[in-house]
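As a plain string of letters, each chain reads:
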Amino acid sequence: MRMITFFLVGLTVHVVFFLSIFDIYFTSPLVHGMTPLATSLAPPASRLILMVADGLRADSLFTLLPNGSSRAPYLRSIIESRGTWGVSHTRVPTESRPGHVALIAGFYEDVSAVAKGWKENPVEFDSVFNESRHTWSWGSPDILPMFAKGATGDHVYTHTYPAVEEDFASTDASRLDSWVFNQVNSFFESAKYNSSLRATLHEDKNVFFLHLLGLDTNGHAHRPMSQEYLDNIGLVDAGVSELVSMIEDFFGNDGKTAYVFTSDHGMTNWGSHGAGHPSETLTPLVVWGAGVNGPVTVKEPQAFDDGFLKDWDLEQIRRVDVSQADIAPLMASLIGVNFPINSVGVLPLQYLNNSNHFKAESMYANAIQVLEQYKVKMIQKKETTISLLFTPYQQLTESEQAEFVHRIRMMIQLEKYEEAISLCQSLISQSLKGLVYYHTYDRFFLGCSVVLGFVGWTSYVVLIILKTHASLNRNHNLTKQMPRFHLSWLSTSVAVLIAVFLFIQRSPLTYYVYCLLPVPVWHFVLKEFGILVDLVHSAPSLPLWKCLGYFVLVAVGIELLVVSFFYRAVLSVGLAALSFWPFLSGLFEKAQVRSVSWFLSSLCLAVFPLLPVVGREPNLHLVTCAGLLTLLTSSCFLWSSRHKTPLYHSETKILLFQMIHVTVCAFIPSLTHSSLQQKHGLPLLSQIVSWTTLGSSILIPLLSSTRLFHRLLSVLLSLTATYLLLSTGSEALFPPALSWLMFVWINIEQEALLAQGVSGRQELSTIDFAANIDITKIRQLKLDDIRRSYFFVFFIITAFFGTGNIASINSFDPASVYCFLTVFNPFIMGGLMMWKVIIPFIIVMCTFETIQVTTQLSSRSLFLIVLVISDIMALHFFFLVQDYGSWLDIGTSISHYVIVMSMTIFLMVLSVVTHILTSQRLVLWRKSKMHYT
């Protein structure tokens, strides 16, 4: 198979494997076709006021000040005298969109929402707003439109401020909340003089939604412990107090208004959210007004393990915790609207102050609403599965469903409301388990298909390595005797049988891809079966003990890399172990200076995985030091190499310009953050320098010399300049430390090559990336090349996790992008942070390209070994994704699988990009015929 064909096939296979995890674990849980349900009894409230303080932590609201007072005195008085309070437990990802969907629609949104954009609905879903008579909402343009778009009719009205107002550099982000309160006040003032609007407002089943973004913005910009954030809580509390007074006055204190105050997610001490830290998943919930219980005094200790009650001084007031999705049925019950049809929330009865009959009827409607989802899900799965192979959920068969419903209705008729409520809760529990059962029904089948394809692909790559890059004794007679026709016939027959089976089951198109892909893969594996026979014939001439030793070390090394995804400190242990490699391999005797440099650089780099991933305070002095360190080492290198590898004047000017550019970029973060701290906004100079640097970071190296170290220096300077702009602390020192080790690796591999007995070694200073490769000098793979490939994979993982954990959103400080923009834009900000992650990746990639050139290997050979190692790691994570344990644990393994697959795809794509980056050259003002003398 030609290289370009192999590259395209490999890329396609890995993209399919990458996407499969989303089809298996991240498909939408929503089903349609159910009938909306609500209790037939009169609701206690005519209207609902929902207030969501975006980014408000539970402890920030409930914790008292040192003097014993509350920073939210009005809400504290509600807890102590009028309402019911508790903690709302959110789910990962703790982001605004899924948080609001859980609050208002009652279900936990799937990952497909991220790919569809922040405002667009990837699927149609029902919500409390949609079921209301009218909903008026005020707040962020990122949240409000998605509930209006998903609603039927035109009864959901949105009032938003411009997106540019969501500026982390704002002098006072709490003005976003003031804007909301002022708009609501103006709205009700205008209603006093508008008879039509006033009549509409006095109708029942109305909802008013206030989205308060100031706390989230201040938390990102200044941290949740900052005075700005804490003062914002006081502003929100005062705004709620005035709002309630105005609402009660407008409606004549009719006692028909219910109030819900909560948050979509919390925030870590370092100003981020998205993961599962308790500060992100514990949010406040305060409910009061019509139909809501008042405070209940308790004398016995309350059973909560978090220990917050004592700190909050709320031990004597009953705390009622809920899952975030439970708030949707609570709101629906209070105003008597239909429960959202896709809600998986369970009505928290302890919040309701109503008759037992009302509670029982409400729980019955809740139970039937969840049961209807279960029925539709079961029917859908039954229709797409062959009858003989269909296995129903045994805990809730059709007869048991009817029995549940009959007994509940009987208990309600006999006025045995407690028993009816208990049966409803059991029915909801079983229905939710059944929903999960049918939603995950095909996981094992799809997982087996993916594993089969994965193992086949890895086996094929190993066979290709043995066939094209290893010196084996060939058995040509066996190759001629291989029954190719029968193999093709067998593969075709298997593919047809699989396709017919999937067609009968009416499986989605993606199922055909996952199930049919292993067929051609294994076809090619069996086609190359003769290579294994050649390996057996060559076994007597191979150093078997040495081979076994290499494979054991690599196997242990792969396990080390897998563990490092969960415990970053393992990378430090690995780097410390690698630091002794020159001493154990005998290279120290031949290259003492390089061996010592390898030892010191490895230990230096080993420090970074030990540094805290999250919660680091900005230290811009370290950013400046990193820039000056890069400048110093670059100057020393140019000075020492001026006689060995002289440069043209124009090329020297390019490198000098890059060095000056790095110096400027080293000071830009300090200038930017100083301006932001002084509330002067983002300087225009910072934006110009930052975006110009980002745009030119790949182009400028293409203007430099293609001599090996000069090109690598140009790449390093260009990427470091961008990295400095995206840094806020110690991580800025990572590229210089990594580059030091990579520089030593290139040099010491030359000594390792000499120890292997490879002749014709070329001096590094004379190598030109753009020179034509002498095909006659390309050598076959040796055992030591497995070690080189493993080193590369290890350094790639270190480059990924050296300064953060990209499996966790919390690893990245939003302040990292402030040199570029401060107005909230999740995709641009996420893209910039991802580019920051990729920069060390490219440094290692360029080094690996250099290793291949200097060790006289084809660009394909080492890469194939790397592909095998990374695929084994991905397969390892795929097996770790099990259906038991917490969703957070499963999600972690899935995210690691996605990272390894993304890394492999990046390797395949960036191998081409890196080759261009190192060997190609743009000629703008210089003559194309100019060459080195």
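A brief report on the enclosed structure follows. Predicted model, so just to flag it, every value in this text is computed and none were measured.

Details of the overall build of the protein chain
Part 1 of the reasoning: When helices and strands are tallied, the protein chain shows 36 helices and eight strands.
Part 2 of the reasoning: Looking at the protein chain residue by residue over its 933 residues, the buried ones come to 57%.
Part 3 of the reasoning: In the structure as shown, the protein chain presents an accessible area of about 38900 Å², 63% of it carried by carbon and sulfur atoms.

Let's talk about the pairing of strand β3 (residues 134–139)
Part 1 of the reasoning: With respect to burial, β3 is a largely interior element, six of its six residues being buried.
Part 2 of the reasoning: Side-chain alternation along β3 places His134, Trp136 and Trp138 on one buried face and Thr135, Ser137 and Gly139 on a second face that is also buried.
Part 3 of the reasoning: As judged from the five bridges shared by β3 and strand β5 (residues 206–212), these two strands associate in the parallel manner. Looking across to β5, one finds that Thr135 is bridged to Val207.
Part 4 of the reasoning: Here β3 pairs with strand β4 (residues 156–160) via five bridges, running parallel. Residue Gly139 lies in a different strand from β4, and its bridge partner there is Thr160.

Section: the packing of helix α29 (residues 649–677) against helix α31 (residues 708–725)
Part 1 of the reasoning: Between α29 and α31, the least distance of the axes is 8 Å, while the angle of their chain directions is 20°. If you check the angle between α29 and α31, you find them roughly parallel. In terms of crossing hand, the pair formed by α29 and α31 is left-handed. When α29 is examined against α31, the residues Leu655, Gln658, Met659, His661, Val662, Cys665, Ala666, Ile668 and Pro669 are found in contact with a partner set consisting of His710, Leu713, Ser714, Leu717, Ser718, Ala721, Leu724 and Leu725.
Part 2 of the reasoning: Residues of the contact of α29 with α31, tallied by class, amount to twelve nonpolar, five polar and no charged.

Side note on the environment of Gly681
Part 1 of the reasoning: In this structure, Gly681 sits in the loop between α29 and α30 (684–696).
Part 2 of the reasoning: Between the alpha carbons of Gly681 and Ser170 there is a distance of 6.6 Å; along the sequence they are 511 residues apart.
Part 3 of the reasoning: The contacts of Gly681, once residues within four sequence positions are left out, are Ala169, Ser675 and Leu676.

Description of the nonpolar core
Part 1 of the reasoning: Ranked by internal contacts, the top residues of the largest apolar core, which has 151 residues, are Trp745, Phe792, Phe795 and Tyr897.
Part 2 of the reasoning: Here this core gets 15 residues from one element, more than from any other, and that element is helix α34 (residues 826–854).
Part 3 of the reasoning: What Trp745 contacts, discounting residues up to four positions off in sequence, is Trp598, Arg787, Arg788, Phe791, Phe792, Phe795, Thr847, Phe848 and Ile851.

What to know about the sheet that holds strand β7 (residues 282–289)
Part 1 of the reasoning: The mixed open sheet is built from eight strands, whose spatial order is β4-β3-β5-β1-β6-β7-β2-β8. The sheet terminates laterally at β4 and β8 (322–323), the two strands that pair on one side only.
Part 2 of the reasoning: Sheet topology note: the strand β6 (residues 257–262)/β7 ladder contains five bridges and is antiparallel. Looking at the pairing, Thr262 lines up with Leu285 of β7.
Part 3 of the reasoning: Packing of helix α8 (residues 175–191) onto the sheet brings it into contact with β3, β4 and β5, and relative to β5 it is tilted by some 155°.
Part 4 of the reasoning: Running at roughly 155° to strand β1 (residues 47–53), helix α14 (residues 327–335) makes contact with β1, β2 (84–89), β5, β6, β7 and β8 of the sheet.

Considering the pattern of salt bridges
Part 1 of the reasoning: The final tally for this structure, using the stated rule, is 19 salt bridges.
Part 2 of the reasoning: The residue Glu372 makes a salt bridge to Lys375 at a minimum N-O spacing of 3.9 Å. One end of the pair is Glu372 and the other is Lys375, both in helix α15 (residues 356–383) and three residues apart, which spans about a single turn.
Part 3 of the reasoning: The exposure class assigned to Lys375 is partly exposed, which follows from its relative accessible area of 29%.
Part 4 of the reasoning: Each member of the salt-bridge network shares a partner with another, and the members are Glu749, Asp784, Asp785, Arg787 and Arg788.

Thoughts on the packing of aromatic side chains
Part 1 of the reasoning: In this structure the tally under the stated criterion is 50 aromatic pairs.
Part 2 of the reasoning: Between Trp85 and Trp312 the ring centres are 6.1 Å apart and the planes differ by 70°, which places this aromatic pair in the edge-to-face class. Placement of the pair is Trp85 in strand β2 and Trp312 in helix α13 (residues 308–312), with a sequence separation of 227 residues. Each member of the pair, Trp85 together with Trp312, is buried.

Focus: the environment of Val260
Part 1 of the reasoning: With respect to the secondary-structure elements, Val260 resides in strand β6.
Part 2 of the reasoning: Here Val260 falls in the buried class, since its relative accessible area comes to 0%.
Part 3 of the reasoning: Measuring from C-alpha to C-alpha, the distance between Val260 and Thr84 comes to 10.0 Å, with 176 residues separating the pair along the chain.
Part 4 of the reasoning: Apart from residues lying up to four places away in sequence, Val260 is in contact with Leu48, Ile49, Leu50, Met51, Leu285, Val286, Val287, Ile327 and Met331.

What counts, and at which threshold
Residues numbered from 1 in each chain as written. Predicted model: local features only at pLDDT ≥ 70, side-chain atom pairs only at ≥ 80, totals over all residues. Heavy atoms only, no water. Helix = DSSP H or I, 4+ residues; strand = E, 2+ residues; numbered from the N terminus. Buried < 20%, exposed > 50% of the residue type's maximum accessible area, 1.4 Å probe, protein only. Areas by Shrake-Rupley, 256 points an atom, 1.4 Å probe, with all protein chains shown as cover. Pairing = 2+ DSSP bridges. Axes fitted to C-alpha atoms, helices over the stretch in contact; angles between N-to-C directions. Parallel < 35°, antiparallel > 145°, perpendicular 65-115°, else oblique. Left-handed = near helix turned anticlockwise from the far one by under 90°. Contact = heavy atoms within 4.5 Å. Nonpolar A, V, L, I, M, F, W, Y, C, P; charged D, E, K, R; others polar. Core = buried A, V, L, I, M, F, W, Y, C linked by side-chain atoms within 4.5 Å. Salt bridge = Lys/Arg side-chain N within 4 Å of Asp/Glu carboxyl O. Phe/Tyr/Trp six-rings, centres within 6.5 Å; stacked < 30°, edge-to-face > 60°.

Shape descriptors only; they carry no functional weight alone.
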